[in-house]
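# Results of the structural survey
Here are the chains, one letter per residue:
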Amino acid sequence: MDNVRASIDIIFRKISPDSILEHMLSVSLNNNSLSEDISNIFFSKNAITYLPYYSDDEINNIYIKLLREWLNDKNQNVLNKKISIFNLLKTFFKEVLIELENEPYCKYKHFLRWREISHIVGEDIFTTSFLAHQDLMSNHNRTYFSWKPIISSDNSRLKKILQKGVAENHFHLGGSGPHFDISWISLMNKITFRYSEFKELGSYKLQQEVIHQFSGQSSELYALVKKAATIRFFLFNYLKNGDPTFSYLKENLINILKPLSIEKNSIVTDLYLSEVQKEIDLFKFVFGRKFKSNNEVITPDYAIPKNITEENFNGNVLLYGERYFLYSIFKKIFQNKVKQLPLIKDMFYAYLVIKNKFAEELVQLNGNIGFGNFKKYQDRKSIFTRTSPFFEKAIHNMAIKTSILNQNIISLEARLIPTKKTDTLIKLLETIDSNISDNLFCKSNNNFIDLWLNNQSKDHMINYDKFFYTLHFTKRKDNCKSYELAEWLIPRSFLLRNDIKQRALAVIGLQESFYSLKKRVYGIDAASEEIGCRPEVLSQAFRFLKNHKITDKYDYILDKRNNHKLYATFHVGEDFLDIVDGLRAIDEAIKFCNLTVGDRLGHATAIGIDVEEYYKFKKFKLLIPKQDLLDNIVWILSKIREFDIEDNSMVEVLQKLYNNLFYEIYGKHDRDLCNTPHTIYYDAWKLRGDDPYLYLDGYFNERNRTATTFWDRCSINSRCPDNSSIRYNQEITKIYSAYHFNRDIKESGKQIFEFKVEFRYIDLVKKIQFNLQKQIGALNIGIETNPTSNYLIGTFNRYDKHPILNLYNLGLTYDFEKLSKSNQMFVSINTDDQGVFETYLENEYTLMAIALEKAKDENGKLLYNQAMIYDWLDRIRQMGIEMSFKNDWEN
């Protein structure tokens with residue numbers, strides 16, 4: 001099955017779509033299509049590149065297997081028997097998919113395989129071809145295509161556990177809608193004048209192509225998508241009107257699809273594409289289902305027909321058209337009776353490959369690790385939809401409303417960025433609430449709309465008690481310009497600190513307003529980039545927001561039930577240059593932002609990741625700025641004392657490295673700081689939660705603290721340091737002042753150091769990690785894990801290696817030694833950005849379940865008992881509910 005999946009990836013994603021079209025246009029219409037003529041050279045030259053672990057002979061063996069088995073249909077008449085790439089899909093879906101209650105499901109035992117291949121070539125290519133084949137066998141005409149954006153497994157046992165109620169505690173609204181699906185629909189219905197959007201997408205491809213050429217040329221992405229839109233319309237026209245009209249084909253289609261140089265492609269195709277766009281607009285008017293948005297009646301997709309059945313109006317109806325189109329073409333292909341079928345097959349084949357080429361730029365598929373890679377996808381996800389109010393509303397609607405309705409989510413925490421002004425923040429929340437409450441996908445043509453609105457079943461209604469908002473501040477690297485004078489007067493992350501303050505004040509403005517909408521905001525968060533932006537930057541804002549109380553003078557007016565404490569969560573310990581870097585960031589978030597019981601940490605993979613495996617993955621070498629390494633070393637030395645770690649032979653090594661780094665960064669630029677012991681430096685580190693301007697003069701200057709407002713009073717961190725007299729020790733405060741305001745020191749700290757990891761260091765980090773787990777557990781701070789997000793961004797490559805297993809294994813094992821090695825922390829399972837990662841909350845539980853069921857030890861024996869796996873997942877489900885910021889939920 002692994003080689004079947006690899007072949008599917010090569011044939012439906014790696015092949016150049018232009019080579020398919022070139023073949024189609026270079027042969028007569030009666031010849032075999034490329035889909036029936038996969039040559040050894042055509043397959044092997046791609047396989048050699050993408051399957052580097054196979055030799056030429058082994059790849060040739062795969063090709064022989066491909067021809068003799070996987071591309072053949074065993075049920076086909078011998079006289080009409082032909083190989084076809086579409087039979088390769090049959091080989092896979094016959095093993096993996098099943099139909100239950102009119103919807104496609106994945107067989108649970110194949111769910112890991114399904115996730116791996118469906119993520120890279122899309123689910124719809126399998127589900128629609130599977131249902132087309134099923135319906136041909138049973139002579140069934142399908143009318144339902146609005147199943148969930150992401151299908152689930154047939155594991156009824158797990159479903160019954162989740163039906164008791166589940167909480168989604170880490171859900172970014174902006175990244176949780178089906179952005180790729182909606183973007184594709186948008187482009188297929190409006191393909192002209194999209195230059196600015198593709199320009200914004202950029203010339204840099206997130207999925208780097210190794211082989212993507214024909215006749216020495218390669219097409220730009222926009223040119224390929226234009227061809228896809230033309231093919232889709234042409235084939236849909238064929239579905240509606242019978243055999244293709246070849247006069248039309250010769251006049252427009254060939255000119256758009258034929259290979260041209262990049263320079264000529266856009267100019268020539270646009271001459272003919274305007275005619276195609278006119279035809280698309282006509283089809284939308286004649287055939288397309290209309291939807292009402294505000295006072296407009298909109299036809300988003302000509303492929304969603306007018307006469308769809310009532311069951312399709314479940315929130316996923318926008319996906320109907322593309323699925324209906326794919327299903328209908330697959331059905332024609334599997335029937336194998338159409339006169340012009342070779343042409344249809346090649347056009348459809350090219351369409352599927354182009355769609356996957358486009359998906360590579362919006363869905364995280366490139367296999368690269370780190371938050372920076374994810375952010376590139378995150379930043380471009382809404383390029384093709386944000387200019388359309390309808391599609392923007394649809395994405396909000398599908399992200400929250402259908403996620404809740406498709407799963408038994410009883411608490412969903414939607415995260416979004418607060419604006420800098422209270423009035424715009426209120427407007428933003430009102431807009432999102434309106435988008436979600438809007439009966440967007442209802443019947444709006446003729447006289448059915450009022451009837452439908454008045455008779456909606458409860459299954460289609462959203463319960464506002466089930467979701468609420470957490471406002472997250474966006475972290476970013478320090479980007480202050482290097483003006484020599486200014487850098488001596490402004491602290492690190494000066495611009496971001498001011499930005500955060502404005503947004504924090506806007507949030508307080510909402511909390512002190514008379515708008516009932518404020519009761520739907522329960523938490524604050526800090527998200528986005530970690531490297532280059534420490535928790536200290538947000539510390540004052542977090543203390544300000546967590547501890548703020550409504551002004552007493554309003555008590556007689558305000559309904560206190562609408563006013564509640566804001567809880568905090570913090571994205572931390574997810575992206576780091578060393579595990580110690582991540583652990584220190586977690587410690588800083590807790591100490592500087594005053595996180596406590598009821599608060600949470602987002603991701604925090606550093607606290608549970610396998611330390612030895614991480615350093616092995618990094619080849620035992622780290623490249624890290626000197627300032628960060630210095631901070632890490634001092635933090636480690638302090639934790640050795642704090643956690644009473646004995647017999648550590650690394651102390652002397654670390655002490656020596658500290659002396660060298662401290663001199664290179666600080667001592668060279670300020671002689672007064674030479675020979676500073678690491679204990680003094682650590683005390684200066686403790687002050688990083690304070691406002692830097694209190695130490696501008698090199699000492700703690702209370703006159704700089706005009707504590708006239710609560711924001712000003714929060715400029716001092718009352719919880720750290722424990723000993724407030726540290727602030728009056730000028731030897732300590734001078735280091736803290738230099739850290740922020742000495743330009744030369746800041747520049748020296750940016751120099752990169754190659755740090756070689758010793759096994760003694762690894763052992764030490766393990767001990768610190770374990771003790772920090774225990775410390776966080778004692779505070780009852782929750783950990784929001786996100787299996788697929790962590791898997792794609794992190795350094796581990798298996799779900800059964802997820803850090804959650806180190807954080808909590810109660811109920812998963814009866815081995816006392818394994819139980820004693822876990823601190824049994826407060827954890828939950830969530831999705832993070834379900835649209836970017838193409839997942840669903842139910843699927844996150846399923847992936848962990850099947851991965852654990854399949855996990856084996858070094859002797860090939862199963863590691864976990866099935867009953868205990870479900871008991872463990874049920875415990876995590878319950879903890880997720882307990883972890884919700886909104887604790888007055890109703891099931």
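Note that the structure is a prediction, hence the values are computed from the model and not measured. (Residues numbered from 1 in each chain as written. Predicted model: local features only at pLDDT ≥ 70, side-chain atom pairs only at ≥ 80, totals over all residues. Heavy atoms only, no water.)

## Observations concerning the packing of aromatic side chains
This model, assessed by the stated rule, comprises 60 aromatic pairs. Residues Phe12 and Phe86 carry aromatic rings whose centres are separated by 6.4 Å and whose planes lie at 50 degrees to one another, so their mutual orientation is tilted. Here the residue Phe12 occupies a position in helix H1 (residues 2–14), and Phe86 occupies one in helix H5 (residues 85–96), the gap between them amounting to 74 residues. For the residue pair Phe12 and Phe86, the accessibility class agrees, reading buried in each case. Taking the centre distance of 5.9 Å and the plane angle of 20 degrees together, the rings of Phe330 and Phe334 count as stacked. (Phe/Tyr/Trp six-rings, centres within 6.5 Å; stacked < 30°, edge-to-face > 60°. Helix = DSSP H or I, 4+ residues; strand = E, 2+ residues; numbered from the N terminus. Buried < 20%, exposed > 50% of the residue type's maximum accessible area, 1.4 Å probe, protein only.)

## A closer look at the confidence of the model for the chain
In the predicted model, the chain carries a mean pLDDT of 87, and the fraction of residues at 70 or more is 87%. Low pLDDT (under 50) marks residues 210–218, which in the prediction has 26 contacts with non-local residues, meaning those over four places away or in another chain. Segment residues 444–460 is flagged for pLDDT under 50; beyond a separation of four residues in sequence, or across chains, it makes 25 contacts in the model. (pLDDT = per-residue confidence, 0-100. Contact = heavy atoms within 4.5 Å.)

## Focus: the nonpolar core
Among the nonpolar cores identified, the biggest contains 257 residues, and Phe86, Phe348, Tyr615 and Tyr666 are the most heavily contacted of them. Residue contributions to this core peak at 13 residues, all from helix H15 (residues 341–359). (Core = buried A, V, L, I, M, F, W, Y, C linked by side-chain atoms within 4.5 Å.)

## Description of the pairing of strand E9 (residues 567–572)
Regular strands have side chains that alternate between both faces of the sheet. In terms of residue burial, E9 counts as a mostly covered element, since five of its six residues are buried. Here strand E8 (residues 521–528) pairs with E9 via two bridges, running parallel. Counted as the bridge partner of Gly523 is Tyr567 from E9. Summarising the sheet, E9 and strand E10 (residues 600–603) pair through four bridges and their orientation is parallel. (Pairing = 2+ DSSP bridges.)

## Considering the layout of surface pockets
Quantified by volume, the second largest pocket comes out at close to 850 Å³. What lines the second largest pocket is a set of 37 residues, and nearest its centre among them are Gly174, Gln378, Lys381, Ile417 and His472. Mapped onto the lining of the second largest pocket, the elements with two or more residues apiece are helix H16 (371–380), helix H17 (389–406), strand E6 (409–416), helix H18 (422–437), strand E7 (467–475), helix H21 (494–511) and E8. With six residues, the top contributor of residues to the lining of the second largest pocket is H16. Residues that form the lining of the second largest pocket fall into these classes: ten nonpolar, 14 polar and 13 charged. (1 Å grid on protein atoms, 1.4 Å probe; cavity = no way out; pocket = protein on both sides within 12 Å on 5 of 7 lines; lining within 4 Å. Points joined across faces, edges and corners; volume = space filled by probe spheres on them. Nonpolar A, V, L, I, M, F, W, Y, C, P; charged D, E, K, R; others polar.)

## Topic: helix H7 (residues 124–138)
Counted at 1.5 Å a residue, the expected span for H7 with its 15 residues is 21 Å, and the 21 Å between its end C-alpha atoms agrees. Along H7, eleven of the 15 residues are buried, which leaves the element largely enclosed by surrounding structure. Among the residues of H7, those classed as buried are Asp124, Ile125, Phe126, Thr127, Thr128, Ser129, Phe130, Leu131, Ala132, His133 and Asp135. (Expected span 1.5 Å × (residues − 1).)

## Remarks on the pattern of salt bridges
Counted according to the given criterion, the structure contains 52 salt bridges. Within the structure, one salt-bridge network assembled from shared partners comprises Arg534, Asp581, Arg584, Glu588, Asp628, Asp631 and Arg688. (Salt bridge = Lys/Arg side-chain N within 4 Å of Asp/Glu carboxyl O.)

## Some thoughts on the packing of helix H27 (residues 678–686) against helix H29 (residues 730–741)
Where H27 meets H29, the closest approach of the two axes is 8 Å, and the angle between their N-to-C directions is 65 degrees. Crossing handedness for the pair H27 and H29: right-handed. Across the interface between the two elements, Ile680, Tyr681, Asp683 and Ala684 of H27 pack against Glu731, Ile732, Ile735 and Tyr736 of H29. Class assignment for the residues of the contact of H27 with H29 results in six nonpolar, no polar and two charged. (Axes fitted to C-alpha atoms, helices over the stretch in contact; angles between N-to-C directions. Left-handed = near helix turned anticlockwise from the far one by under 90°.)

## With respect to the sheet that holds strand E14 (residues 827–829)
The eight strands are arranged E3-E6-E7-E8-E9-E10-E13-E14 in an open sheet whose pairing can be described as parallel. Each edge of the open sheet carries a strand with a single partner, namely strand E3 (166–172) and E14. Averaged over all pairs of adjacent strands, the angle between strand axes in this sheet comes to 25 degrees, irrespective of strand direction. Inspection of the sheet shows E7 paired to E8 by seven bridges, in the parallel sense. Paired with Tyr469 across the strands is Val521, a residue of E8. Where helix H22 (residues 539–547) meets the sheet, its contacts fall on E7, E8 and E9, and the angle it forms with E8 comes to roughly 170 degrees.

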